[in-house]
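Architecture at a glance
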Amino acid sequence: MQLVIVESPAKAKTIEKYLGKDYRVLASYGHVRDLPARDGSVNPDAGFAMDWETYADKSKQLKAITDLAKTADRLILATDPDREGEAISWHVQEVLRNKKALPKEVERVTFNAITKPAILEAMKAPRELDTDLIDAYRARRALDYLVGFTLSPVLWRKLPGAKSAGRVQSVALRLIVEREREIEGFRPQEYWSVTADMEQDGTPFLTRLVKYKGDKLDRLSIGDEGTALAAKKAVEEGRFSVSSVETKPAMRNPPPPFTTSTLQQEAARKLGFSASHTMRIAQGLYEDGAITYMRTDGVQMDGGAIQEARKAIATRYDGGYVPDKPRQYQTKAKNAQEAHEAIRPTDFSKDKAGSGDHGRLYDLIWKRALASQMASARMERTTIDLEDGTGQHGLRATGQVVLFPGYLALYEEGRDDEGDEESRRLPRMSAGDAPAKKAVNAEQHFTQPPPRFSEASLVKRLEELGIGRPSTYASIIQTLKDRAYVKIEKNRFFAEESGRLVTAFLERFFEKYVGYDFTAELEEELDDVSGGRAEWQAVLESFWKDFKPRTTEVMEQKPSEVTAALDLFLEPYLFPTRADGSDPRLCPNCGNGRLALRGGKFGAFVACSNYPECKFTRRFGQPGGEGSEDAGPEVLGQDPETGLNVERKSGRFGPYIQLGEGKEAARASIPKDVDLDLEWALKLLKLPRTIGNHPETGNPITASIGRYGPYLAHDGKYARLQSTAEVFETGMNAAVVKLAEAAANGGRPARGASREPLKMLGKHPRTEAEIKLMEGRYGAYVTDGETNATLPKSIDKDQLTLEEAAQLIDARAAAGPAKGKSKKKVAPKKKAAPKKAAAKK
């Protein structure tokens, strides 16, 4: 028996079917062990020795792998074909070696697609584990651990309210924060454009003023209304005729097939997917055998795939869309060992796979890969210049005509900033023509600040800087979201207060380690390790010898010294210069105190030097420009029971309501889903609300709002509520049910309870049996009452059609009973043990 180890259970099932009876395929379910989250897991004094710990939730799977490995003739490690996949194989091998269960013959195989030909071909070309890739993984993992467990404690002690800092995440966060600073510091510049609507032979077209009083104009040349109106009048009064027509042929070549980063960028632009969602969907398509491996820096395609693509192009279009020679693309990846084949369909004849988001992403991958082998687009770019009779004023029109669409017939690459002045259609004109002038316009404009990063533009910028690697971008972005260092609004990143403060701290005290060049150079060193050009411990030693003393130096500083340094560093942001020349640090409350940055238990804030006499405070994220002062408390009304004012206030942690003063005052945060008025304020101040006593225990059930939102509580057990309104509306019966559901199986219906179908799909087109969509223990499935078929990851249950469901059921029925699901044999009854003979007296 030969034991094959892969990462995913879905993959294991498919591959075992392809390999046959002599093979057993088990999944590791990803990584099986990691560095434990405690001090000492990496020991720099012992050559950066690492103390690995097996994941607790993997013990059952590892036991199954170990038991089979003991009886296997050969172990085949077939995890993903990248650095992480190599690391997982190495971890599995080390675990088996430690358990003395490692077969004598151990081999590594990799494949780029989960198709039968690809799997069988890979099995013919086994190799040994790549120690260079494993060393690179160990170096990267140790670096991330050392930065996190050395720098984060410094943050916790010197920067109250800060969470943690990561090696690459901190640099990505700096990009977002710096863009925020650029936007805040941007001063718009006024400029005017003068355009003329013209017409020739019934075809309208637009021209713009490019020469005025003999001088060439650029975008910002006309900076005031007076000049603009004078120029407009000159155009209105002038008689313009065509002075020259310049036509240039142009070619546009197709972009290469997707890499990991370009897939993330294009899916964000065209489909609105986040990087992590794109990778989840791509993983499902890969495991279903629809696309090749989706973590790659490579842009080249296999020769056989190129021929398939050319055949598919000729079938779909005609021979003119197939270039004379196959297109070859060169990867820009610095580490050739990790530059695998580009992301492409495994079968170019299939233009559809999956449904919902899976179907949309597959369509994007299929079109991009097919277009990469299509003919170039041929165009004609035209520039028409017009002058008035004096020759002092000139207009220009530009346009573009597509003569042959080529690959554009199928696919056009998206851009972060749309807008193409040359895409307009122009009428045919020649020198001397005098088109009719319909209208002249003078429009005011202002220069715009740089746009905030979208996921696509952030990934693109990280790749340009050489920071991180494409397979890590999704996790980098997700970490920033999870730590609440950034928020996303309208698909753009906004830096949160905590993110700005952490970035300022790192820039002030650890400038080198959040430097773009330094981080990129470190990535190159890690690539050198994986390419066998550098030794991993030497790379770590070079980093550690400077980093450790710096953290020790900062740790020895007093928190007040750190805050004072940050106060000076952030002065342009917190206390910007005022237009009237007044002191931006002067307290607006007492009129003589000085404002400065302060550190508190829950984070930084701005406060007056006259505290406690003056209690003026301002949130850290509220800059001190004119008009930014806190307007003070707003009285919502009086409490009918006490007669005290109910006030809406703004504190360091956001808006809140308060009843009374001093230590006896009652306070409550304002939920985002509440349109606050006096009635709501009084209800919030009285929380927690007692619903009643539980009918079984007799103990009270309460409803309240906590750190993670509205909830029910009873005897130390909790259940989430969906909205603030439910805190006040949930009755006893509903509360008992919600608490029971939360206690049983994590909020899902208890096992054995009757389950309603998610959807009735209709009658099977061939058997007339009613097909239902159900939610099962392991995900959604369809059933006709006799056969159950699990939905593949690439099919969205909300988009499932009757025909798709029928095909799944037919395929499941044709495959016969699942392995190990045959009718159970009845165990023979044990014979009664013979009675012992009575002892002789």
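Residues numbered from 1 in each chain as written. Predicted model: local features only at pLDDT ≥ 70, side-chain atom pairs only at ≥ 80, totals over all residues. Heavy atoms only, no water.

**Re the overall build of the protein**
Using the following cut-off: By definition, any uninterrupted DSSP run of H or I lasting at least four residues is a helix, any uninterrupted run of E lasting at least two residues is a strand, and each is numbered from the N terminus. Each residue gets one of three labels from its accessible area relative to the maximum for its type: buried under 20%, exposed over 50%, partly exposed in between, using a 1.4 Å probe on protein chains only. Any two residues having at least one pair of non-hydrogen atoms within 4.5 Å are treated as being in contact. Asp and Glu are treated as the negative residues and Lys and Arg as the positive ones, with His and the ends of the chain left uncounted. Just so you know, the charge point we use is NZ for Lys, CZ for Arg, CG for Asp and CD for Glu.
Of the regular secondary structure elements, the protein holds 22 helices and 32 strands. On the principal axes, the C-alpha backbone points of the protein span a range of 140 × 85 × 65 Å. Expressed as a percentage of its 841 residues, the buried residues of the protein come to 47%. Across the protein, contacts joining residues at least 24 apart in sequence account for 66% of those joining residues at least 6 apart. Averaged over its 129 positive side-chain charges, the protein has a centre that lies 8 Å from the centre of its 123 negative ones.

**Let's talk about the packing of helix 8 (residues 260-271) against helix 12 (residues 455-465)**
As a reminder of what qualifies: An axis is simply a line fitted to the C-alpha atoms; with a helix, the fit covers only the stretch in contact. Between two such axes, the angle follows the N-to-C directions and lies from 0 to 180 degrees. Oblique is the label for any angle not under 35 degrees, not over 145, and not in the 65 to 115 range, which are roughly parallel, roughly antiparallel and roughly perpendicular in turn. In this scheme, a crossing is called left-handed if the near helix is turned counterclockwise away from the far one by less than a right angle; it is called right-handed if the turn is clockwise.
Packing of helix 8 against helix 12 leaves a shortest axis separation of 8 Å and a crossing angle of 160 degrees. Accordingly, the angle class assigned to the pair helix 8 and helix 12 is roughly antiparallel. In this structure, helix 8 meets helix 12 at a crossing whose hand is left-handed. Residues Ser 261, Gln 264, Gln 265, Ala 268 and Arg 269 of helix 8 lie in contact with helix 12, whose contacting residues are Ala 456, Val 459, Lys 460 and Glu 463.

**What to know about the environment of Glu 178**
Quick reminder of the rule: Here a polar contact means two N or O atoms within 3.5 Å. Within protein one must be a hydrogen donor candidate and the other an acceptor candidate, and residues neighboring in sequence count only if both atoms are side-chain atoms.
Structurally, the position occupied by Glu 178 is in helix 6 (residues 169-185). Assessed through its relative accessible area of 22%, Glu 178 is described here as partly exposed. Not counting residues up to four positions away in its chain, the partners in contact with Glu 178 are Glu 507 and Tyr 516. Within the structure, the side chain of Glu 178 is placed 2.8 Å from the side chain of Tyr 516, a separation counted as a polar contact.

**Overview of the packing of helix 6 against helix 13 (residues 473-482)**
We apply this condition: Residues are grouped as follows: Ala, Val, Leu, Ile, Met, Phe, Trp, Tyr, Cys and Pro are nonpolar; Asp, Glu, Lys and Arg are charged; all remaining types, including Gly, are polar.
Taken N-terminus to C-terminus, the directions of helix 6 and helix 13 make an angle of 70 degrees; their axes are 10 Å apart at the nearest point. By the criterion of interaxial angle, the relationship of helix 6 to helix 13 is roughly perpendicular. For the pair helix 6 and helix 13, contact is made by Gln 169, Ala 172, Leu 173 and Ile 176 and by Ile 476, Thr 479 and Leu 480, respectively. Looking at the contact of helix 6 with helix 13, its residues break down into five nonpolar, two polar and no charged.

**Describing the side chain of Arg 74**
Within the secondary structure, Arg 74 sits in strand 7 (residues 74-77). A distance of 2.4 Å separates a polar atom in the side chain of Arg 74 from a polar atom in the side chain of Gln 2. At 2.3 Å, the side chain of Arg 74 forms a polar contact with the side chain of Glu 107. Once residues lying within four places of it in the same chain are set aside, the contact partners of Arg 74 are Met 1, Gln 2, Leu 3, Tyr 23, Pro 103, Glu 105 and Glu 107.

**A few points about the sheet that holds strand 30 (residues 770-776)**
The line we're drawing: Strands were regarded as paired on the criterion that DSSP finds at least two bridges between them.
On the basis of which strands lie adjacent, the open sheet formed by four strands has the order 29-30-31-32 and antiparallel pairing. Only two strands of the sheet have a single neighbouring strand rather than two, namely strand 29 (759-763) and strand 32 (788-790). Taken pair by pair, the neighbouring strands of this sheet meet at an average axis angle of 25 degrees, ignoring direction. Sheet topology places strand 29 next to strand 30; four bridges connect them, and they run antiparallel. Bridged to Lys 763 within strand 30 is Glu 770.

**Concerning helix 14 (residues 497-509)**
Rules: Each helix should span, by expectation, one fewer than its residue count multiplied by 1.5 Å.
Given a rise of 1.5 Å per residue, 13 residues ought to cover 18 Å, and the 18 Å separating the end C-alpha atoms of helix 14 matches this to within 8%. Most of helix 14 is tucked away: 10 of the 13 residues are buried. Three or more residues of helix 14 are buried, namely Gly 499, Arg 500, Leu 501, Val 502, Thr 503, Ala 504, Phe 505, Leu 506, Glu 507 and Phe 509.

**Brief notes about empty space enclosed by the protein**
Note the following rule: Put plainly, a pocket is an open set of points on a 1 Å grid over the protein atoms alone with protein on both sides within 12 Å along at least five of seven lines, a cavity is a set where a 1.4 Å probe fits but cannot get out, and a lining residue has an atom within 4 Å of a point. Grid points are joined across faces, edges and corners, and a volume is the space filled by probe spheres set on the points.
If you walk through the whole model with that rule in mind, you get four cavities of 30 Å³ or more. Roughly 100 Å³ of volume is contained in the largest cavity. As for the largest cavity, its lining consists of 14 residues, of which Val 147, Leu 151, Gly 166, Arg 167 and Tyr 513 are closest to the centre. Mapped by element, the contributors of at least two residues to the lining of the largest cavity are helix 5 (131-158), helix 15 (516-530) and helix 16 (536-555). For the lining of the largest cavity, the class distribution of residues is 10 nonpolar, three polar and one charged. Lining the second largest cavity are 10 residues, and of these Leu 159, Thr 563, Arg 598, Gly 599 and Ala 604 sit closest to its centre. Ranked by residues supplied to the lining of the second largest cavity, first place goes to strand 18 (residues 595-600) with three residues. Along the lines of polarity and charge, the residues of the lining of the second largest cavity split into six nonpolar, three polar and one charged.

**Side note on the sheet that holds strand 19 (residues 603-608)**
One open sheet holds the three strands; their spatial order is 18-19-20, and the pairing between them is antiparallel. Each edge of the open sheet carries a strand with a single partner, namely strand 18 and strand 20 (617-619). Neighbour to neighbour, the strand axes of the sheet diverge by 35 degrees on average, direction disregarded. Pairing analysis gives six bridges linking strand 18 to strand 19, with the strands arranged antiparallel. Paired with Ala 596 across the bridge in strand 19 is Ala 607.

**Overview of the packing of aromatic side chains**
The relation between two aromatic rings is expressed through the spacing of the ring centres and the mutual angle of the planes. How we decide: Under the pairing criterion, centres of Phe, Tyr and Trp rings, with the six-membered ring standing for Trp, must be within 6.5 Å; the plane angle then separates stacked pairs below 30 degrees from edge-to-face pairs above 60, leaving the rest tilted. Should the NZ of a Lys or the CZ of an Arg lie within 6 Å of a ring centre and within 35 degrees of the ring normal, that charge is described as sitting over the ring.
A complete count under the given rule lists 17 aromatic pairs for this structure. Between Tyr 513 and Phe 518, the ring centres sit 5.3 Å apart and the planes meet at 85 degrees, which makes this aromatic pair edge-to-face. For the pair shown, Tyr 513 and Phe 518 are each scored as buried. On the basis of an interplanar angle of 75 degrees and a centroid distance of 5.6 Å, the ring pair of Trp 680 and Phe 728 is categorised as edge-to-face. On the criterion of sequence distance, the pair formed by Trp 680 in helix 19 (residues 678-685) and Phe 728 in helix 20 (residues 724-729) is long-range, its members being 48 residues apart. Under the relative-accessibility criterion, Phe 728 is labelled buried at 18%. Connected via pairs of aromatic rings, a cluster forms that spans Phe 505, Phe 509, Phe 510, Tyr 513, Phe 518, Phe 543, Trp 544 and Phe 547. Directly above the aromatic system of Tyr 516 lies the positively charged group of Arg 174, at a separation of 4.7 Å from the ring centroid. Positioned over the ring face of Phe 510 is Arg 550, at 5.9 Å from the centre of the ring.

**Some details on the environment of Ala 230**
Within the element layout of this structure, Ala 230 appears in helix 7 (residues 225-237). The exposure class of Ala 230 is partly exposed, given its relative accessible area of 35%. Between the C-alpha atoms of Ala 230 and Gly 698, which are 468 residues apart in sequence, the distance is 86 Å.

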